[in-house]
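Coordinate analysis (summary)
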Amino acid sequence: MERIAVVGLGAMGAPIARRLLGQGCEVTVWNRSPERGAAPAEAGATVAGTPADAARGAEAVIVMVSDPDALREVTEGGHGIAAGAGPGSVVVQMSTVSPAAVTRLARVLPPGVEVLDAPVLGSVGEAAAGELRILVGGPQALVDRCRPLLERLGSPLHLGAVGAGTAAKLVANNVLFGVLGVLGESLALGGALGLRPDALYEALGVTPLAAQAERRRPAVEAADYPARFALALARKDADLVAAAADKLGLDLGLTAAARAWLAGAEQAGRAGQDYSAVLAHILEQATKEVRR
Ligand SMILES: NC(=O)c1ccc[n+]([C@@H]2O[C@H](COP(=O)([O-])OP(=O)(O)OC[C@H]3O[C@@H](n4cnc5c(N)ncnc54)[C@H](OP(=O)(O)O)[C@@H]3O)[C@@H](O)[C@H]2O)c1
């Protein structure tokens, strides 16, 4: 697959397009805010006027937009991908959305256009370096056909039929948010109990949180959380998890608590910071009484 369209040029879509250009692919891009097409165009991409135009003639259309509503906007209607994608092509859906959104996408595509469910783990740096973990759902023959493209972007992990990739992505982010929540609360607890920071991080280093504690320490100590994965998007993912759990009748208390921390941080004005800024929010809120 050499003729690729990339729809959505945000924090993740832009480096994906750049990576594919660097790998010698013929890339066509589209983004809702047209100014984001300028950098890929300079790097050799063709800029399309609509998602349908981007899809026309492409062997694969990578979609990397915010959420289920955005996915619907770029795929459906007269200007959507479904209107332009030709038989034999594939829509590689990499955004983090709900299982229902993936099912709907498969339904709206015309006959002969397949969907590969392929959300990703890893962030901006991994996208630029072609080191994403790609959680793949789809039929074996389609996965085999798409493997060379996926391997330009990272390591595909084939997990089952369409829907399995998105289900796995929700599980993985649920873990991440829970871990950040318990890390933030443990930092607050240790500090309030009077542990020096070095001792606190040393203690965390012998727990299952060791890797995250070490990774997040510089940001926590500098109180600086430059956005790679915006906190508003993490809250969106926590909502997707909550909605999926609700629909299944699952009662997930820790999941709900982690979501509440993210929603609180967003309401406190941290929507545009990195999602790890939830740690700063937890430290502020949990120790409010102690500081009085
Ligand atoms: N950033 C990460 O580290 C990371 C890691 C793994 C997965 N993800 C997931 O990957 C996806 C993209 O994340 P990102 O960080 O690249 O987000 P982002 O920087 O906020 O970019 C979002 C993209 O979606 C587009 N978009 C939003 N609403 C739209 C609509 N209604 N119609 C058309 N386009 C719309 C935006 O267009 P405009 O430019 O016009 O706003 C932009 O291109 C999300 O599902 C996110 O959860 C992100």
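Now for a description of the structure that goes with this document.

Calculation rules
- Residues numbered from 1 in each chain as written.
- Predicted model: local features only at pLDDT ≥ 70, side-chain atom pairs only at ≥ 80, totals over all residues.
- Heavy atoms only, no water.
- Helix = DSSP H or I, 4+ residues; strand = E, 2+ residues; numbered from the N terminus.
- Rg over C-alpha atoms; globule rule 2.2 N^0.38 Å.
- Buried < 20%, exposed > 50% of the residue type's maximum accessible area, 1.4 Å probe, protein only.
- Contact = heavy atoms within 4.5 Å.
- Areas by Shrake-Rupley, 256 points an atom, 1.4 Å probe, with all protein chains shown as cover.
- Lys, Arg positive; Asp, Glu negative; His and termini not counted.
- Charge placed at Lys NZ, Arg CZ, Asp CG, Glu CD.
- Near = heavy atom within 4 Å.
- Polar contact = N/O pair within 3.5 Å; in protein donor to acceptor, adjacent residues only side chain to side chain.
- Nonpolar A, V, L, I, M, F, W, Y, C, P; charged D, E, K, R; others polar.
- Core = buried A, V, L, I, M, F, W, Y, C linked by side-chain atoms within 4.5 Å.
- Axes fitted to C-alpha atoms, helices over the stretch in contact; angles between N-to-C directions.
- Left-handed = near helix turned anticlockwise from the far one by under 90°.
- Salt bridge = Lys/Arg side-chain N within 4 Å of Asp/Glu carboxyl O.

For the rest of this paragraph, the subject is the overall build of the protein. Of the regular secondary structure elements, the protein holds 15 helices and nine strands. Here the C-alpha radius of gyration of the protein, 20 Å, is about what a compact globule of 292 residues would show, namely 19 Å. Projected onto the principal axes, the alpha-carbon positions of the protein cover approximately 65 × 45 × 30 Å. Looking at the 292 residues of the protein, the share that counts as buried comes to 46%. In the protein, of all internal contacts separated by at least 6 residues, the share reaching a separation of at least 24 is 65%. Split by element, the accessible area of the protein, about 13,500 Å² in all, is 55% carbon and sulfur. Taking the average location of the 27 positive side-chain charges in the protein and that of its 30 negative ones, the two points are 1 Å from each other.

Glancing now at the site of the ligand. Surveying the vicinity of the ligand reveals 26 residues, the closest of which are N31, S33, R36, S66 and S123. Between an oxygen atom of the ligand and a main-chain N or O atom of L9, the distance comes to 3.3 Å. One of the backbone N or O atoms of R228 is found 2.9 Å from a nitrogen atom in the ligand. Compared with its free state, where it exposes 900 Å², the ligand has 88% of that area covered by protein. Taken together, the elements giving at least two residues each to the shell around the ligand come down to helix 4 (68-75) and helix 12 (231-248). Of the residues that constitute the shell around the ligand, the class distribution is ten nonpolar, nine polar and seven charged.

This part takes up the nonpolar core. Among the nonpolar cores identified, the biggest contains 31 residues, and L20, I62, V92, M94 and L116 are the most heavily contacted of them. Those elements that provide at least two residues to this core are strand 1 (3-7), helix 1 (13-22), strand 2 (26-30), strand 4 (60-63), strand 5 (90-93), strand 8 (132-137) and helix 8 (140-153). The greatest single-element share of this core, amounting to six residues, is contributed by helix 8. Beyond its immediate stretch of four places on either side in the chain, V92 contacts A60, V61, I62, V63, L116, A118, L149 and L150. Of all hydrophobic cores here, the second largest spans 25 residues; its members include L187, L200, Y275 and L279.

With that settled, consider the packing of helix 9 (residues 164-192) against helix 11 (residues 210-222). With their axes 11 Å apart at the nearest point, helix 9 and helix 11 run at an angle of 65° to one another. Regarding helix 9 and helix 11, the two cross each other, and that crossing is right-handed. Residues L176, V179, L180, L183 and L187 of helix 9 form the contact with helix 11, whose participating residues are Q212, A213, R216 and V220. Its residues placed into classes, the contact of helix 9 with helix 11 shows seven nonpolar, one polar and one charged.

With that settled, the discussion passes to the pattern of salt bridges. Using the criterion set out here, one finds 14 salt bridges in the structure. For the salt bridge of R217 with D198, the shortest nitrogen-to-oxygen distance reads 2.6 Å. Taken together, the positions of R217 in helix 11 and D198 in helix 10 (residues 197-204) put the pair 19 residues apart, joining distant regions of the chain. You can call R217 partly exposed: its relative accessible area is 22%. Within this structure, R235, D239, R259 and E266 form a network of salt bridges that share partners.

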